[in-house]
Amino acid sequence: MAQQANVGDLLAMLDSPNLVVQEDITAAFKENLNSDRGPMLVNTLVDFYLETGSQQALHILSTLQEPHDKHLLDKINEYMSKLPTRLPTLSLLGHVVRRQPSWKHKLSQAPLLLSLLKCLKTDTDVVVLITGVLVLITMLPMIPQSGKQYLHDFFGIFGRLSSWCLKNPGHVAEIYLVHLHASVYSLFHRLYGMYPCNFVSFLRSHYSMKENLETFEEVVKPMMEHVRIHPELVTGSKDHELDPRRWKRLETHDVVIECAKVSLDPAEASYEDGYCSVPQHSCSHLQHRPADPDGSPYVTLYSSAGMSTSTPYSGSRVMYKSGQLPQIPNPQPSCLSTEPMQVTRQSRNGFLFEGKGTLVA
């Protein structure tokens, strides 16, 4: 009980405006985590973060080392199953994976990955779907070998959300569809870059069905116009690109660069001196839907250097045209990033996500 009271006192001072106090409290938490290998302190920090949006708690959680990785992933997985906490929990996961922790290879075997895939295959909240896709896009280069086990899930998610972009079963505002489309566009680049033979085979099979043909013409075909012919389509095979030996020699950033090499999109393509994206100052954000403590969150998306997505635009309003990517009413390219999302509390049930790769609730 005394230990719980002590942790409560530390939490109360964790976000102190006094930087010296803040650093001391953070150091105390890290020291306790180093000496206590149990899950209690990690669980307490996750609860505190979801309740308050504490930036210091977020920093501690996103820099956890083994063996606390299992405690963190188990706790995130627990909250992923609860609808009220799903969105902020996805944001927390986004922060963690963007740090590329030393234990990132364990993500492919964690129950959390199954929960993420289930969410993307069944959830109907468009903001949850957008956030989840961004997390998945970030994770894939860290666990490329997972394609052997989950490839059909990845492709199924792409098929579902591509159709959603066109048919809008949730009857959400068109601005949400623009952001969802941008997320699916980025997923297209990742899947085509990593598993081209299998992905093209899926596209051929899935969109040869009459009921999916319109989605192909309106949503998928324009995406295909923004990639090069992948060399693996000529020299590789479906089995080869799933062979774990193919990925052993590649680090996460190598996989990202390989994906960028086959893109014709300036926001996705690589440059001779390394992998980069359009400058942050050249992108703008979209913001909509006022905060509603009883409603779903709304979206603000910012650019960042790194893994980002842009879509061609024209015209003066958000709209779809046959055979084109979504058009965004802005004189500059809009970018969608998988940069970490920072969380601050806005209302009783809503979260405001600020910073790079932002979602606002």
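Residues numbered from 1 in each chain as written. Predicted model: local features only at pLDDT ≥ 70, side-chain atom pairs only at ≥ 80, totals over all residues. Heavy atoms only, no water.

Remarks on helix α9 (residues 147–167)
Inference 1: For α9, which comprises 21 residues, the first-to-last C-alpha distance of 28 Å matches the rise-based estimate of 30 Å (1.5 Å per residue) to within 8%.
Inference 2: Among the residues trailing α9, asparagine 168 stands out with phi positive, at a value near 50°. (Helix = DSSP H or I, 4+ residues; strand = E, 2+ residues; numbered from the N terminus. Expected span 1.5 Å × (residues − 1).)

Points about the nonpolar core
Inference 1: Grouped together as the largest cluster of nonpolar side chains are 90 residues, with contacts concentrated most on Phe29, Leu45, Phe154 and Phe158.
Inference 2: Once you skip the residues sitting within four places of it in the chain, phenylalanine 154 turns out to touch Leu117, Leu136, Leu140, Ser146, Gly147, Leu191 and Tyr195. (Core = buried A, V, L, I, M, F, W, Y, C linked by side-chain atoms within 4.5 Å. Buried < 20%, exposed > 50% of the residue type's maximum accessible area, 1.4 Å probe, protein only. Contact = heavy atoms within 4.5 Å.)

Things to note about unusual backbone geometry
Inference 1: Note that the residue after glutamate 66, namely proline 67, is joined by a cis bond; omega there is 5°.
Inference 2: Looking at the element boundaries, proline 67 is found in the loop between α4 (55–61) and α5 (68–80).
Inference 3: Even without being a glycine, glutamine 100 presents a positive backbone phi close to 50°.
Inference 4: Along the chain, the position of glutamine 100 falls in the loop between α6 (83–98) and α7 (111–122).
Inference 5: Notably, histidine 171 is not glycine yet its phi reads approximately 55°, a positive angle.
Inference 6: Inspection of the secondary structure puts histidine 171 in the loop between α9 and α10 (174–194).

Side note on the packing of helix α3 (residues 40–52) against α5
Inference 1: Orientation of α3 relative to α5, taken along the N-to-C sense of each, is 40°, at an axis distance of 9 Å. Taken together, the axis directions place α3 and α5 in an arrangement best described as oblique. The two elements α3 and α5 cross, and the hand of that crossing is right-handed. Facing Val42, Asn43, Val46, Asp47 and Leu50 of α3, the residues of α5 in contact are His68, His71, Leu72, Lys75 and Tyr79.
Inference 2: For the contact of α3 with α5, a count of residues per class yields five nonpolar, three polar and two charged. (Axes fitted to C-alpha atoms, helices over the stretch in contact; angles between N-to-C directions. Parallel < 35°, antiparallel > 145°, perpendicular 65-115°, else oblique. Left-handed = near helix turned anticlockwise from the far one by under 90°. Nonpolar A, V, L, I, M, F, W, Y, C, P; charged D, E, K, R; others polar.)

Some remarks on the packing of α10 against helix α11 (residues 196–206)
Inference 1: Between α10 and α11, the least distance of the axes is 5 Å, while the angle of their chain directions is 120°. In this view, α10 runs oblique relative to α11, as classed from their interaxial angle. Seen from α10, the contacting residues are Phe188, Leu191, Tyr192, Gly193 and Met194; seen from α11, they are Pro196, Phe199, Val200 and Leu203.

Things to note about the side chain of serine 263
Inference 1: Considering the arrangement of structural elements, one finds serine 263 in the loop between α15 (252–261) and β1 (298–299).
Inference 2: Here the side chain of serine 263 touches histidine 189 through a polar contact of 3.5 Å, side chain to side chain. (Polar contact = N/O pair within 3.5 Å; in protein donor to acceptor, adjacent residues only side chain to side chain.)

Looking at the pattern of salt bridges
Inference 1: Enumeration according to the criterion identifies eleven salt bridges in this entry.
Inference 2: Lysine 82 is the partner of glutamate 78 in a salt bridge, and the nearest nitrogen-oxygen pair spans 3.6 Å.
Inference 3: Given the relative accessible area of 36%, lysine 82 is considered partly exposed.
Inference 4: The closest approach of N and O atoms between lysine 221 and glutamate 217, which form a salt bridge, is 3.8 Å. Of the two residues, lysine 221 and glutamate 217 both sit in helix α12 (residues 213–224), four residues apart, roughly one turn of that helix.
Inference 5: When its relative accessible area of 37% is taken as the criterion, lysine 221 is described as partly exposed. (Salt bridge = Lys/Arg side-chain N within 4 Å of Asp/Glu carboxyl O.)

Digging into the environment of serine 62
Inference 1: Checked against the element boundaries, serine 62 lands in the loop between α4 and α5.
Inference 2: Considering only alpha carbons, one finds serine 62 and glutamine 100, 38 residues apart in sequence, at a separation of 9.4 Å.
Inference 3: Excluding its chain neighbours within four sequence positions, the residues that come into contact with serine 62 are His95, Val96 and Arg99.
Inference 4: Reaching out from serine 62, the side chain makes a polar contact with the backbone oxygen of leucine 58 at a distance of 2.9 Å.

Examining a nonpolar patch on the surface
Inference 1: Side chains of Ile229, Leu233 and Val234 sit close together on the surface and give an oily, nonpolar patch of about 320 Å² of accessible area.
Inference 2: The topology assignment puts isoleucine 229 in the loop between α12 and α13 (232–235). (Patch = residues over 30% accessible without salt bridge, like charges linked within 9 Å, V, L, I, M, F, W, Y side chains within 5 Å. Areas by Shrake-Rupley, 256 points an atom, 1.4 Å probe, with all protein chains shown as cover.)

Examining the packing of aromatic side chains
Inference 1: Using the criterion set out here, one finds ten aromatic pairs in the structure.
Inference 2: Summarising the aromatic geometry, the rings of tyrosine 195 and tryptophan 247 are spaced 5.9 Å apart at their centres and angled 70° between planes, so their arrangement reads as edge-to-face. Placement of tyrosine 195 in the loop between α10 and α11 and of tryptophan 247 in helix α14 (residues 244–248) is noted, with a sequence separation of 52 residues between them.
Inference 3: Look at tyrosine 195 and you get buried, because its relative accessible area is 0%.
Inference 4: A relative accessible area of 6% places tryptophan 247 in the buried class.
Inference 5: One aromatic cluster in this structure is built from Phe155, Phe158, Phe188, Tyr192, Phe199, Phe202, Tyr207 and Phe216. (Phe/Tyr/Trp six-rings, centres within 6.5 Å; stacked < 30°, edge-to-face > 60°.)

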